[in-house]
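Here is how the chains run, residue by residue.
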Amino acid sequence: MKEQLKELVGYGGPDYWLYRGSKGYSMREGEITDDMIDAHLSSDQPLGMNIASAERKSRFLIFDIDDHGGRLDAAIMASRAGAIAGALHAQGTPFFAVRSGGGRGVHLWVVFEREFSSDQLINSGKRILETATQIVQNMWPDETFSVGTGGLFANGDVHEIEIFPKGQKDHYNVALPLSRKSHPLRVDGVDDHGIARLIDGDEITIELAKGQKRGPKGKGESAEVIDYDAAFDAFIQRYDVESYDDWGTAALCLIAAFERKDGPRSDWARERWTEWSKTGSAYQRGDEEKWFKTGAAQFSPITFWLYAKASGYDGGTPYNKTDSRKLTALSFLDDVRLLRDEVGVGYAQIGERDFVPVRSTAFKHHVTLGLFNDKGLTPDDNTLKAVINYADALASQTDREPVWLRFGQAGASRYLFLADDHCQVVEIDAAGWRVVDDPPVVFRRGDCLPMPIPQKGVLSEFTDFLNVDSEEMPFLLAWMVTAIYFPGQACPIALLDGPAGSGKSSALRTIIETIDPKVGAQAGEPKSEDDLFAAAYNAGTVSGDNFSSIAKISDPLCRLSTGGGIRKRKLYTDFESVSMTAKRPILIAGIDPTFYAADLSERIVRIRLHRPEEYINDMQFESMLKEKQARFTGAVLDLVVLCINEADQIDYSGSRFATFCRVGEIVASRLGFDPGWFIERMAEKGAEEMADLEHSDSVFEFLTRQIASSGVDARRWEANSKQLWESMQEQLELKHLNVPRDDVPRTPKGMGSRVERAIPMLKQHGVTVKRGPRRTFIFEWDDVAQASVDAVLELLSQKQAF
């Protein structure tokens, strides 16, 4: 070994370094003697040699492959070092390999016949690492080599390799091999992936390498010759020049590959496309100008090259392996339909009639499997993030269109999404209903559960299954039909009411399973507006069971019922928000004994249930519901067909729920009720709901007593919130007002809010309320209103004392 080290030292520059352990190396002037080499080989005094002869020139190129943490398996070290050794072998560059002095790393030495500048040598080393990256990615697609001092796996899957010569002026210190734990390695063949097998050897052999004749390879340049014309000839084979769609698609793909009008080969691409266009019989003079009028291209820049290679092109491409991998991942989106909904959320089609949000786990899984199955790539998190971000950006450029949940509409037809494994859709129109393969609407799944294909059913089978009185059934059916007939529009809140044991929970389950089975159909009351937002955003209907109170979510329930939508801040962002403007049919089972605002009361249709004559156990109920579900749905769809044919013929617009009332008229007529019965009964229900609300509102009762005590001649009364609150407190102390304490405002500010909520009820009795100067309330009434207020007080006096 001594002679080889003497030869190696002879190719270096003057001076040397003495190794001082943890203190590093210290430079000495002079030459390395035989005695010093002996001390080095025995590890008594390891040496460092200067590999620069003069003027920053050297005959050495050395790769230091290290495991600084000392945690890597020896096989990992050998395989990654073997990739660099394989790159040197592939280029025919002789080298020798040694274990590093610390025993954990590998050093690969290349000794040239003549000197080169340090910059030339470093650039040569970088090209070797580029080749090594291509080799290692045959086994581990995400790994790359770069120049640095971090060692293997320095940053994720990035390997940082230290390349020498490096240093200052004309001194480049490198540890002389074969001291301490350093020993020779040899190449025992190269595997099919290009990785050299490095095993322990007996000695080092110094074979001088010749310098490369060509300069550094340009960024992105392929080792193979790029034949653009041959690539175009192969690419264009996949398109039919006589097909207008193919003709335009080919242009879009070329534009994406060659940077539209200002790219370096854009003119060439346009000229070749124009020549091809003229070979079609449908070509007309001036058609080539449409190149400049095409829309945004969804294709990845590499798609042209992928298509060309798939059609037989075997030349090079303008991209290196790393760039090709990234662009190939993005090209996965070429065949994915992307769109955005009316509030700007991006969606992707992942199957027949199956659409999911771009930023969803479902789409991430689709991309992961697609890249592996279609492109042969195993994507890392960065690649997945890049594809998803790119998909979202592409979706943001599309026209907005409705994305429906369970119920949809296009023209005069309605659609029901079954949310099964095949994403089947039922079309409902004036002629009937049927499963269709290509509906003109887009659905997302959300929390929707699969429902069976509807079957022809008899309406009486459904009505007999529920404990709903005959006069209440039209309102329940009208709510169900309106959800399908009038999707995403105003619909009253259906409140299932009845004594204990009347089957409210079972009724809710039956109704939802019939038209919108979903996750959490019988959930409890939402604790916040965010919870309500989540329920509404992910299902065609909102439902809940055993609500103790809906007062806390009164306002958002109103907005969901008749409009206004919901908006909330998007998680992990400071300024972005998530919006939902669609309305939702709402179904609630359970008695709500607490006060809620008049606005909400006006939106409620209460449906009363009775106790059944006999009960069935849960197992029987589940079995019967499962057996009848498809027929129940079919019977409801028959009513929707009837409404499509007849609802527009009913002249009624006297309510915010005019469509619901027209649907109810048709349903009631089908059940045998006289024309006009439903609208008249709907008004009565509203009056009953308002009366119940009046009887439970302590502030309304206080205000009516104050108006009544003012006398017939007063006709006007003015007070601010503080004065009203103090007066109500005085009435309570004198026991002139008998109301529950927990329904009394605690502060003047609270009093002001409660007066505002009582204004609609006062208006029902002819009392108008205005705001005066200094935020006062001005109450005004006439003789008729006074009589109405007296009647209210008479009813209030008959209620049970608290």
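Residues numbered from 1 in each chain as written. Predicted model: local features only at pLDDT ≥ 70, side-chain atom pairs only at ≥ 80, totals over all residues. Heavy atoms only, no water.

Now for the overall build of the protein. If you tally the helices and strands in the protein, you get 24 helices and 31 strands. Here the protein holds 802 residues, and 50% of them are scored as buried. Summed over all atoms, the accessible surface of the protein reaches about 38400 Å², with 47% contributed by carbon and sulfur. (Helix = DSSP H or I, 4+ residues; strand = E, 2+ residues; numbered from the N terminus. Buried < 20%, exposed > 50% of the residue type's maximum accessible area, 1.4 Å probe, protein only. Areas by Shrake-Rupley, 256 points an atom, 1.4 Å probe, with all protein chains shown as cover.)

Moving on: the packing of aromatic side chains. Counting across every chain of the model gives 29 aromatic pairs. Ring centres of Phe258 and Trp268 lie 5.4 Å apart, and the angle between their planes is 75°; this geometry places the pair in the edge-to-face category. One end of the pair, Phe258, is in the loop between α6 (244-257) and α7 (266-277); the other, Trp268, is in helix α7, with 10 residues separating them in the sequence. Accessibility classification places Phe258 together with Trp268 in one group, the buried group. Plain terms: the ring middles of Phe258 and Trp305 are 6.4 Å apart, the flat faces sit at 65° to each other, and that makes the pair edge-to-face. Of the two residues, Phe258 sits in the loop between α6 and α7 while Trp305 sits in helix α8 (residues 303-310), which places them 47 residues apart along the sequence. For Phe258, a relative accessible area of 7% puts it in the buried group. The buried category is assigned to Trp305, whose relative accessible area is 2%. Connected via pairs of aromatic rings, a cluster forms that spans Tyr228, Phe232, Phe235, Tyr239, Phe258, Trp268, Phe304, Trp305 and Tyr313. Positioned over the ring face of Trp140 is Arg80, at 3.8 Å from the centre of the ring. Looking at Arg238, its charged tip hangs above the ring of Tyr239, at a distance of 6.0 Å from the centre. (Phe/Tyr/Trp six-rings, centres within 6.5 Å; stacked < 30°, edge-to-face > 60°. Lys NZ or Arg CZ within 6 Å of the ring centre and 35° of its normal.)

This part is about the nonpolar core. In terms of nonpolar packing, the biggest core is built from 61 residues, with Ile428, Trp479, Met480, Val481 and Leu496 touching the most fellow members. The contacts of Leu496, once residues within four sequence positions are left out, are Lys504, Ala507, Leu508, Ile511, Leu587, Ile588, Ala589, Gly590, Ile607 and Leu609. If you look at the next biggest cluster of nonpolar residues, it comprises 50 residues, including Trp247, Ala251, Ala348 and Leu371. (Core = buried A, V, L, I, M, F, W, Y, C linked by side-chain atoms within 4.5 Å. Contact = heavy atoms within 4.5 Å.)

Applying the stated criterion to the full structure yields 32 salt bridges. Its salt-bridge partner being Glu143, residue Arg80 comes within 2.8 Å of it at the nearest N-O pair. On the criterion of sequence distance, the pair formed by Arg80 in helix α3 (residues 74-90) and Glu143 in the loop between α4 (118-136) and β8 (144-147) is long-range, its members being 63 residues apart. For the pair formed by Arg80 and Glu143, the shared burial category is buried. One salt bridge connects Asp783 with Arg715, and the closest N-O pair in it is separated by 2.8 Å. Of this pair, Asp783 sits in helix α24 (residues 783-797) while Arg715 sits in the loop between α21 (698-709) and β29 (716-719), and the two are 68 residues apart along the sequence. Relative accessible area serves as the criterion here: at 41%, Asp783 is assigned to the partly exposed category. Classification of Arg715 by relative accessible area gives partly exposed; the value is 33%. The network of salt bridges with shared partners includes Asp229, Asp233, Arg272 and Glu275. (Salt bridge = Lys/Arg side-chain N within 4 Å of Asp/Glu carboxyl O.)

This part takes up the sheet that holds strand β30 (residues 768-771). Note on sheets: strands pair through backbone hydrogen bonds, and any given pair is parallel or antiparallel. Overall, antiparallel pairing links the 3 strands, which are arranged β29-β31-β30 in an open sheet. Each having just a single partner strand, β29 and β30 make up the two edges of the open sheet. For this sheet, the mean angle separating the axes of adjacent strands, direction not counted, is 20°. Sheet topology note: the β29/strand β31 (residues 777-780) ladder contains 4 bridges and is antiparallel. By the bridge assignment for β31, Trp717 is matched with Phe779. (Pairing = 2+ DSSP bridges. Axes fitted to C-alpha atoms, helices over the stretch in contact; angles between N-to-C directions.)

With 12 residues, helix α14 (residues 504-515) should cover 16 Å at 1.5 Å per step; its first-to-last C-alpha distance of 17 Å lies within 8% of that length. Among the residues of α14, Lys504, Ala507, Leu508, Thr510, Ile511, Ile512, Glu513, Thr514 and Ile515 are the ones counted as buried. (Expected span 1.5 Å × (residues − 1).)

This part covers the environment of Leu208. Relative to the helices and strands, Leu208 resides in the loop between β13 (196-200) and α5 (228-235). Remark: the alpha-carbon pair of Leu208 and Phe112, spanning 96 residues in sequence, is separated by 5.0 Å. Sequence-distant contacts of Leu208, defined by excluding residues within four places in its chain, comprise Tyr11, Arg59, Pro94, Val111, Phe112 and Glu113.

The next point concerns the sheet that holds strand β18 (residues 407-410). With antiparallel pairing, 4 strands are arranged side by side in an open sheet as β18-β19-β20-β21. Strands at the two margins of the open sheet, each flanked by one partner only, are β18 and β21 (432-436). Across the sheet, the mean angle separating the axes of adjacent strands is 25° when strand polarity is ignored. Along the sheet, helix α13 (residues 473-485) makes contact with β18, β19 (413-417) and β20 (425-429), crossing β18 at roughly 50°.

Within β20, 5 of the 5 residues are buried, which leaves it mostly tucked inside the rest of the structure. Side-chain alternation along β20 places Val425, Glu427 and Asp429 on one buried face and Val426 and Ile428 on a second face that is also buried. As defined by bridge partners, β19 adjoins β20 across 4 bridges and the pair is classed as antiparallel. Within the sheet, the bridge partner assigned to Tyr415 lies in β20 and is Glu427. As paired elements, β20 and β21 share 5 bridges and run antiparallel to each other. Within the sheet, the bridge partner assigned to Asp429 lies in β21 and is Gly432.

Relative to the assigned elements, Gln731 resides in helix α22 (residues 721-733). For the pair Gln731 and Gln706, spaced 25 residues apart in the sequence, the C-alpha separation amounts to 10.0 Å. Residues in contact with Gln731, not counting those within four places in the same chain, are Phe702, Gln706, His736 and Leu737.

Below, the discussion takes up the packing of α21 against α22. For any two helices packed against each other, one specifies the crossing angle of their axes together with the interaxial distance. At a closest axis distance of 11 Å, the pairing of α21 and α22 adopts a crossing angle of 90°. If you check the angle between α21 and α22, you find them roughly perpendicular. Contact residues: Ser698, Val699, Phe702, Leu703 and Gln706 in α21; Leu724, Ser727, Met728 and Gln731 in α22. Partitioned by chemical class, the residues of the contact of α21 with α22 number 5 nonpolar, 4 polar and no charged. (Parallel < 35°, antiparallel > 145°, perpendicular 65-115°, else oblique. Nonpolar A, V, L, I, M, F, W, Y, C, P; charged D, E, K, R; others polar.)

All right, on to helix α9 (residues 321-331) then. Looking at α9, one finds that the buried residues are Ser324, Arg325, Leu327, Thr328, Ala329, Leu330 and Ser331. Elements that come into contact with the buried residues of α9 comprise α8, α10 (361-375) and α11 (381-396).

Its place among the elements puts Asp287 in the loop between α7 and α8. Of the side chains with opposite charge, Lys290 lies nearest to the buried Asp287, which makes no salt bridge, at 4.3 Å. Setting aside its immediate chain neighbours within four residues, Asp287 contacts Trp247, Trp273 and Ala282. (Lys, Arg positive; Asp, Glu negative; His and termini not counted.)

What follows concerns unusual backbone geometry. Backbone geometry follows two general trends: most residues other than glycine have a negative phi, and most peptide bonds adopt the trans configuration. Residue Pro165 is bonded to the preceding Phe164 through a cis peptide linkage, with omega at 25°. Its place among the elements puts Pro165 in the loop between β10 (158-164) and β11 (173-175). In this model, Arg180 sits at a positive phi of 55°, which is unusual for a non-glycine residue. For Arg180, a relative accessible area of 42% corresponds to the partly exposed category.

As a general rule, the predicted coordinates of low-pLDDT regions are not to be interpreted in detail. Chain-level statistics for the protein give a pLDDT mean of 85 and a share of 89% at 70 or above. Note on residues 571-577: pLDDT is under 50 here. Beyond four places in sequence and across chains, it has 7 contacts. (pLDDT = per-residue confidence, 0-100.)

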